[in-house]
Amino acid sequence: MPHTKRATTAIVSVCAVSALLAGCGGGDGTSGTTGSAPRPTRTADPAGPSHAADTAGAAGTPGTTPSASLPGASTGGPREPAGSAGTGRGGATTRCHTSELSASVGRNDPGAGQENFPVVLTNTSSRTCTVHGFPGAAFVGADGRQLGPDPRREPGVTARTVTLAPGHSAWAGLRFANPEISGARTAAPAALLVTPPDERDPLKVPWKGGKVPVGGNESVVWLSVFGPGTGP
């Protein structure tokens, strides 16, 4: 016991001396010490990989850049880098770039409570090129803001490559339930942004198809893959 008392007395003495220089920390470990190193402030983790809105159903956010201005729908195959040469190795035809295309929306072909519009891309260049897969698409208002969630891709369909000689066209279907029947919330878009497959720049097409569903019941807009021609 005398030995223990001497040890305790020594510890108290050391602490007393240290208190004159820096202060003894409190029992909760939170008391700061003048001149001591500050605790590092925890910062947010660096941004991870971009999760761009996909036409497979990620909801669009009002006031943000429409997703159709992001890369066009993935086709599942290798992509040709944007801005690459017009033909591949050995003169093989490569995909059509946005600058080589014009876009339009064909006449509505309604049926069974559905509104059905062909979204058409036409090769305006002097070379033959291809499209493969789904377009990117987004309805926008006069202020350029996206209206409603992104269209979704039709499930269970197989994409095929459509070869477009100069002046030829390919079309993809855009359909949604008639809002007057479904009771969905609606908006009247000023335009439809259409992005060719695997491209980044959209084409802006004035929308003449009336109101579209943007929320509530049966508000999903569906897209099909491209096929040859200007419509069914």
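Here is what the cut-offs are and how they apply
- Residues numbered from 1 in each chain as written.
- Predicted model: local features only at pLDDT ≥ 70, side-chain atom pairs only at ≥ 80, totals over all residues.
- Heavy atoms only, no water.
- Pairing = 2+ DSSP bridges.
- Helix = DSSP H or I, 4+ residues; strand = E, 2+ residues; numbered from the N terminus.
- Axes fitted to C-alpha atoms, helices over the stretch in contact; angles between N-to-C directions.
- Buried < 20%, exposed > 50% of the residue type's maximum accessible area, 1.4 Å probe, protein only.
- Contact = heavy atoms within 4.5 Å.
- Core = buried A, V, L, I, M, F, W, Y, C linked by side-chain atoms within 4.5 Å.
- 1 Å grid on protein atoms, 1.4 Å probe; cavity = no way out; pocket = protein on both sides within 12 Å on 5 of 7 lines; lining within 4 Å.
- Points joined across faces, edges and corners; volume = space filled by probe spheres on them.
- Nonpolar A, V, L, I, M, F, W, Y, C, P; charged D, E, K, R; others polar.
- Salt bridge = Lys/Arg side-chain N within 4 Å of Asp/Glu carboxyl O.

Caption draft 1: Quick look at the sheet that holds strand β10 (residues 203–206). In spatial order, the strands read β4-β9-β10; together these three strands make up an open sheet with antiparallel pairing. Strands with a single pairing partner mark the edges of an open sheet, and in this sheet they are β4 (136–140) and β10. Within this sheet the neighbouring strands show an average axis-to-axis angle of 25 degrees, counted without direction. Of the strand pairs in this sheet, β4 and strand β9 (residues 191–195) are connected by five bridges, and their pairing is antiparallel. From the neighbouring strand, A138 faces β9, where its bridge partner is L193.

Caption draft 2: Representation of the environment of G113 within the structure. Structurally, G113 can be placed in the loop between β1 (101–105) and β2 (114–123). Residue classification places G113 among the partly exposed residues on the basis of a relative accessible area of 26%. Sequence separation of G113 and N178 is 65 residues, and the distance between their C-alpha atoms is 5.5 Å. Not counting residues within four places of it along the chain, the set of residues in contact with G113 comprises F176, A177, N178 and I181.

Caption draft 3: Expanded view of the nonpolar core. In this structure, V131, F139, L164, L174, F176, L192 and W207 are the most contacted members of the largest nonpolar core, which totals 26 residues. In terms of residue count, the dominant contributor to this core is strand β7 (residues 169–177) (four residues). Excluding anything up to four places from it in sequence, L164 contacts C96, L101, L121, N123, R127, T128, C129, V131, S169 and A170.

Caption draft 4: Geometry of empty space enclosed by the protein. Overall, the coordinates contain one cavity of 30 Å³ or more when judged by the stated rule. Put simply, the largest cavity is a space of about 40 Å³. Lining the largest cavity are F139, L147, G148, P149, D150, P213, V214, S219 and V221. For the lining of the largest cavity, a count of residues per class yields six nonpolar, two polar and one charged.

Caption draft 5: Expanded view of unusual backbone geometry. Positive phi is not limited to glycine here, since A112 has a value of about 55 degrees. As for its position among the elements, A112 is in the loop between β1 and β2. Judged by relative accessible area, A112 falls into the exposed class, the value being 82%.

Caption draft 6: Structural detail: the pattern of salt bridges. Under the counting rule described, the total for this entry stands at four salt bridges. Across the pair E199 and R95 runs a salt bridge, and its minimum N-O distance is 2.7 Å. Of this pair, E199 sits in the loop between β9 and β10 while R95 is found in the loop between α1 (2–21) and β1, placing the two residues 104 residues apart along the sequence. Residues E199 and R95 agree in their burial class; the two are buried. Measuring nitrogen to oxygen at the nearest pair gives 2.6 Å for the salt bridge that ties E154 to R175. Taken as a pair, E154 in the loop between β5 (152–153) and β6 (161–164) and R175 in strand β7 lie far apart in primary sequence, 21 residues in all. Taking relative accessible area as the criterion, E154 reaches 18% and is therefore assigned buried. Assessed through its relative accessible area of 26%, R175 is described here as partly exposed.

Caption draft 7: Just the environment of N116, in detail. With respect to the helices and strands, N116 occurs in strand β2. By relative accessible area, which is 24% here, N116 ends up partly exposed. Considering only alpha carbons, one finds N116 and F176, 60 residues apart in sequence, at a separation of 7.0 Å. Not counting chain neighbours up to four residues away, the residues in contact with N116 comprise R107, N108, D109, P110, G111, L174 and R175.

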